[in-house]
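# Reading the structure
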Amino acid sequence: MHAPNRRATAVGAAALLLATAAVAAVPSSASAANVLTNPGFETGTLSGWSCSGGLGSVVSTPVHGGSKALAGAVSASDNAKCVQTVAVQPNTTYSLSGWVRGNYVYLGVTGGTSTWTPSAADWKQLTVSFTTGASQTSAEVYLNGWFGQGTYYADDISLDGPGGGTPDTQAPTAPSGLTATSTAATQVSLSWGPSSDNVGVTGYDVYRNGTLVSTVTGTTATVTGLTAGTSYTFTVKAHDAAGNASAASNSLSVTTPSGGDTQAPTAPGNLTATATAATQVSLSWGASSDNVGVTAYDVYKNGALATTVTGTTATVTGLTASTSYTFTVKARDAAGNASGASNSLAVTTPSGGGGTPGTFKQAAPYLYNGWGNPPSPTTVMNATGIKWFTLAFVLAQNGCNPTWDGQRPLLNGVDQQTINAVRAAGGDVVPSFGGWSGNKLGPNCADANALAGAYQKVIDAYGLKAIDIDIENTDEFENYTVQDRILSALKIVKQKNPGIKTIVTFGTATSGPTAPGNRLIEQSKALGADIDVFTIMPFDFGNASTDMYAATVSAANGLKNKLKSVYGWDDATAYSHLGISGMNGLSDNNETTTVANWTAIRDWANTNHIARLAFWSVNRDRGCAGGGLQETCSGIAQSDWQFTSITAGFTG
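Described below are features of the structure shown in this document. What you are looking at is a predicted structure, and each value in this text was computed from that prediction instead of being measured.

### Some details on the pairing of strand β12 (residues 201–208)
Judged from the seven bridges that link them, β12 and strand β15 (residues 231–240) form a sheet pairing that is antiparallel. Opposite Tyr204, over in β15, you have Ala238 as the bridge partner. Connecting the antiparallel pair β12 and strand β13 (residues 211–216) is a turn made up of two residues, with Asn209 showing a positive phi of about 50 degrees.

As structure tokens, then:
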């Protein structure tokens, strides 16, 4: 639900109205040359480019530079997407720019970041940067318009950076200053100075007595499994994406202390279940003691290790409804000594699948501080009775660092002021991560642990009760590696934050989830992600005459049926894990959700006891009949905050 109106594919994202300033800023690349073929279309042909539906052509007017430009003749069913694949170097930042004219014109890299303009009557430059992956050797650049918005034009497209194709044969410099930061009987912790490389260092190989024992991406490592009273020699080598290895660091000799710690911690006490649902059990126990210190607790399910935590609580997910399980917990110390098992705890999960129907209900329309003349939240709360807002959007800045819109600070800015005001008025917020465009955390965080860490920063900053992952576009929703990364990260979040609610929001067809949505649901079960609410965005179906009440109900029932099929739930339980996030007034496809439509949708949601009702957006919840698609009003006749007032009547 980021620019444009929350969905910018027929089943994709949100907020087509976002100002281009809201696109996350990214570092510029060190330009080398324009590596695109036929970037200004001066050949008079589409050489190097491929356009969908045969809708691309080269024209002599209008042009930005030279004598030729690209024209994309968008139709009602084809966005005239023109692409070019180029060779790139791994771990390298590129700057992509181009001059465009027309309504809703997009420039981006497939599977990566993108930017757009809602309207450019004259030539306007779009610019975005991206960094290639550790083994990436090609990138697909694209331009496209938007369905039914007329022909767009593009010219002087540039992708600045080093061209691919030339093998990287230069090895990194050797790591320096290898030292031992701590030494125990069975392990040694090491650190070293970073290496440099002409393209980029991708990892460090740690050797013990000449044998590779560990590979890490940072400049520290802990080598375990050692023997007390024994001498070892360590070295470290750096490598890059091409496989070039540096010379070895200085050699470091370490002798582990003799004797070591052989005393095990005491057994954890009073293991109990604090919450039980069809697919998960939350546990707590009394802390163990140790002569040196307890470092972890291992939680066992039916005798097999299920999870490891550092505190005295854990949630075991991925369980089956109406099934009996036996749990125990053991404590460990740094030397690897394990305690005896805690008391054995038998738990039978209830029938019906994850979560008791009706336990989580949320009416939370989207409010966005980066666009559309954002209203005072307390003004809206006082006028409507709404208590929750979904606050958009948390994006990435400088890699895997969460910030508002990728540019406003996480704390001490307008977004924190909004949250403080909402809470002071007796309400709360659920931050939304992602959206349609911008530099998102999912593709930028290296793995699930890093992504969970980014989510955790926001959770800790605001003491959150719920988070919404607005998963859209080719970089997250249609990128199955990133899909799995998000689901795995949410599983970690649930384990570390008992009681927090996780919401995933995604596009839909009128019949229910599309292929990426179906996969998302299936993988949530397979990975044990324990998602609380699956929210669909039932709009932008591609037909301005769509009956939005009927289409929304049809899409929601399609989602309900998919949840039943995957999780084995009954109707009531499936509905209780279902959310609807609509778009008030005019959508990007000129569909109209009227006040009467939204009231009927709200009533249907209450009758079927779904979990969540939201819409895009409070910024647009003002009347402007005949005004068309706007960022500050709905394009239809309504009173101020009327859709929010209707939404406040959602009780589930």
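### Some words on helix α2 (residues 414–424)
Quick reminder: α-helices carry 3.6 residues per turn. Residues three or four places apart thus point the same way. Those residues of α2 that fall on the buried side of the exposure criterion are Asp415, Gln416, Thr418, Ile419 and Val422. What you see down the axis of α2 is that its buried residues fit within an arc of 155 degrees, all on one side. Among the exposed residues of α2, those pointing more than 90 degrees away from its buried face are Gln417 and Ala424. Buried positions along α2 lie against β25 (366–368), α1 (377–384), β26 (388–397), β27 (401–404), β28 (428–435) and α4 (448–462). Just past α2, the residue Gly426 takes up positive phi, approximately 90 degrees.

### Observations concerning the environment of Thr481
For Thr481, the location among the structural elements is in helix α6 (residues 480–496). Sequence separation between Thr481 and Ala185 is 296 residues, and the spatial gap between their C-alpha atoms is 40 Å.

### As for the state of the cysteines
Following the criterion strictly, the structure yields three disulfides and no others. Shown here is the disulfide that connects Cys400 with Cys445, its sulfur atoms set 1.9 Å apart. Disulfide Cys400 to Cys445: torsion about the S-S bond roughly 95 degrees, handedness right-handed. Within this pair, whereas Cys400 is found in the loop between β26 and β27, its partner Cys445 is found in the loop between α3 (441–444) and α4, the two being separated by 45 residues in sequence. Given a relative accessible area of 0%, Cys445 falls into the buried group. The disulfide that involves Cys624 links it to Cys633, with 2.1 Å between the sulfurs.

### A short note on the side chain of Thr315
For Thr315, the position within the fold is in strand β21 (residues 313–316). Under the relative-accessibility criterion, Thr315 is labelled buried at 4%. Here the side chain of Thr315 touches Ser282 through a polar contact of 3.0 Å, side chain to side chain. If sequence neighbours within four positions are ignored, Thr315 has contacts with Gln280, Val281, Ser282, Lys494, Gln495 and Pro498.

Calculation notes
Residues numbered from 1 in each chain as written. Predicted model: local features only at pLDDT ≥ 70, side-chain atom pairs only at ≥ 80, totals over all residues. Heavy atoms only, no water. Pairing = 2+ DSSP bridges. Helix = DSSP H or I, 4+ residues; strand = E, 2+ residues; numbered from the N terminus. Buried < 20%, exposed > 50% of the residue type's maximum accessible area, 1.4 Å probe, protein only. Arc of directions from axis to C-beta. Contact = heavy atoms within 4.5 Å. Disulfide = S-S within 2.5 Å. Polar contact = N/O pair within 3.5 Å; in protein donor to acceptor, adjacent residues only side chain to side chain.

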